[in-house]
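Each chain, written out:
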Amino acid sequence: MAAAHFEAFKARLDKVLHEKNKVNDILEKIELKTGVKRLYIALVFISIIALWLMVGYGAQFLCNFIGFIYPAYASVKAIESRDKDDDTKWLTYWVVYSVFSLVEFFSDIFLFWIPFYWLLKCVFLVWCFMPVPWNGSITLYYRFIRPFILRHQDRIDTALDKAKEAVAEAKDLAEDVAKDELVKRALNSKND
């Protein structure tokens, strides 16, 4: 069963590795120079990254880099395109990424004990941005995040309005204090 899944994965990966793009052009050049199929080059590269995420120095940085750099680039391309479906796709990814980061922040003390955490997080983030029908960000957003937000939307909006009012009051107070300080300095300089 597992062997069949791996063979199907290899076949899909090989198909993706033969599509026309800059990464595959580089892989093609390496393939021609070494005589090693690009599928095997990609599998070795994936294996090295997986091993690094399990035991390597800087695994946290590598994981966060992978989960951020491609989605950020794809988001910029989506903003610049006329198609709005890709905007929605990447906004959904960033919502899931943000929720995950928030949960991760508050559960950080427990995550230390999970073996191979950075590998698991990286697999999760890749699942969330993969261009497949079973994309993780779409699944998580529509199954968990959207229902939660819709259920609590009124309370969230009320809290945000109160926060805006508090910020406006703090700004007004800071401006008043700054004006008072300027007046005091002006009076003190006249008296000196």
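Remember, predicted model here, so these are calculated numbers, not experimental data. (Residues numbered from 1 in each chain as written. Predicted model: local features only at pLDDT ≥ 70, side-chain atom pairs only at ≥ 80, totals over all residues. Heavy atoms only, no water.)

Points about the UniProt feature "transmembrane region" (unreviewed entry) in the chain
Rule in force here: UniProt positions are given in the numbering used here, feature names are shortened, and annotations may be inferred rather than shown by experiment. Under the scheme used here, helices are H or I runs from DSSP no shorter than 4 residues and strands are E runs no shorter than 2 residues, and both carry numbers assigned from the N terminus.
Under the UniProt annotation, "transmembrane region" (unreviewed entry) lies at residues 39–55, 91–118 and 124–145. With 79% helix and 0% strand, residues 91–118 has its two end C-alpha atoms placed 24 Å apart. As annotated, residues 124–145 has a helix share of 73% and a strand share of 0%, and its two end C-alpha atoms lie 16 Å apart.

So, the layout of surface pockets
Left-over empty space is what a probe sized like a water molecule reveals as it rolls over the atoms. We count it as follows: Whether a set of points on the 1 Å grid over the protein atoms alone is a cavity depends on a 1.4 Å probe fitting there but being unable to get out, while an open set qualifies as a pocket with protein on both sides within 12 Å along at least five of seven lines; lining residues are those with an atom within 4 Å of a point. Grid points are joined across faces, edges and corners, and a volume is the space filled by probe spheres set on the points. Each residue is assigned to one class: nonpolar for Ala, Val, Leu, Ile, Met, Phe, Trp, Tyr, Cys and Pro, charged for Asp, Glu, Lys and Arg, and polar for all the others, Gly among them.
A volume near 2,000 Å³ is recorded for the largest pocket. Forming the walls of the largest pocket are 39 residues, and the residues nearest its centre are L13, I46, V126, F129 and M130. Among the secondary structure elements, those contributing two or more residues to the lining of the largest pocket are α1 (2–17), α2 (22–34), α3 (38–55), α4 (59–80) and α7 (117–129). Looking at the lining of the largest pocket, the element that brings in the most residues is α3, giving 9 residues. Split by residue class, the lining of the largest pocket holds 31 nonpolar, 3 polar and 5 charged.

A few points about α3
Our working rule: One less than the number of residues in a helix, times 1.5 Å, gives the span that helix is expected to have. Each residue is assigned to one of three classes by its accessible area relative to the maximum for its type, calculated with a 1.4 Å probe on protein chains only: buried under 20%, partly exposed between the two thresholds, exposed over 50%. It only takes one pair of heavy atoms within 4.5 Å for two residues to be counted as in contact.
With 18 residues, α3 extends 26 Å from end C-alpha to end C-alpha; this agrees with the ideal 26 Å at 1.5 Å per step. Regarding α3, the residues found buried are R38, L39, I41, A42, L43, I49 and L53. Buried residues along α3 sit against α1, α2, α4 and α7.

Let's talk about the packing of aromatic side chains
By convention here, two paired aromatic rings are described through the distance between centres and the angle between planes. Applicable threshold: The aromatic pairing rule takes the rings of Phe, Tyr and Trp, using the six-membered ring of Trp, and pairs them if the centres are within 6.5 Å, calling planes under 30 degrees apart stacked, those over 60 edge-to-face and the rest tilted.
Within this structure, the stated rule accounts for 15 aromatic pairs. On the numbers, 6.0 Å between centres and 55° between planes, the contact of F124 with W127 is tilted. In this pair, F124 and W127 both sit in helix α7, 3 residues apart, roughly one turn of the helix. Under the relative-accessibility criterion, W127 is labelled partly exposed at 27%. Taken together, the ring pairs connect F68, Y70, W90, Y93, W94, Y97 and F129 into an aromatic cluster.

Quick notes on the packing of helix α5 (residues 85–106) against helix α8 (residues 136–191)
Each packed pair of helices is defined by two parameters, the angle between the axes and the distance between the axes. Heads up, the rule is: Axis definition: a line fit to C-alpha positions, over the contact stretch in the case of helices; interaxial angles, taken between N-to-C directions, run 0 to 180 degrees. An angle below 35 degrees is treated as roughly parallel, one above 145 as roughly antiparallel, one from 65 to 115 as roughly perpendicular, and anything else as oblique. By the definition used in this description, the sense in which the near helix is turned from the far one sets the handedness, with an anticlockwise turn below a right angle giving left-handed and a clockwise turn giving right-handed.
Where α5 meets α8, the closest approach of the two axes is 9 Å, and the angle between their N-to-C directions is 65°. As far as their axial angle goes, α8 and α5 are roughly perpendicular. Taken as a pair, α5 and α8 cross one another with a handedness that is left-handed. Residue-level contacts link T92, Y93, V95, V96 and V99 of α5 to S137, I138, L140, Y141 and I145 of α8. In terms of residue class, the contact of α5 with α8 is built from 8 nonpolar, 2 polar and no charged.

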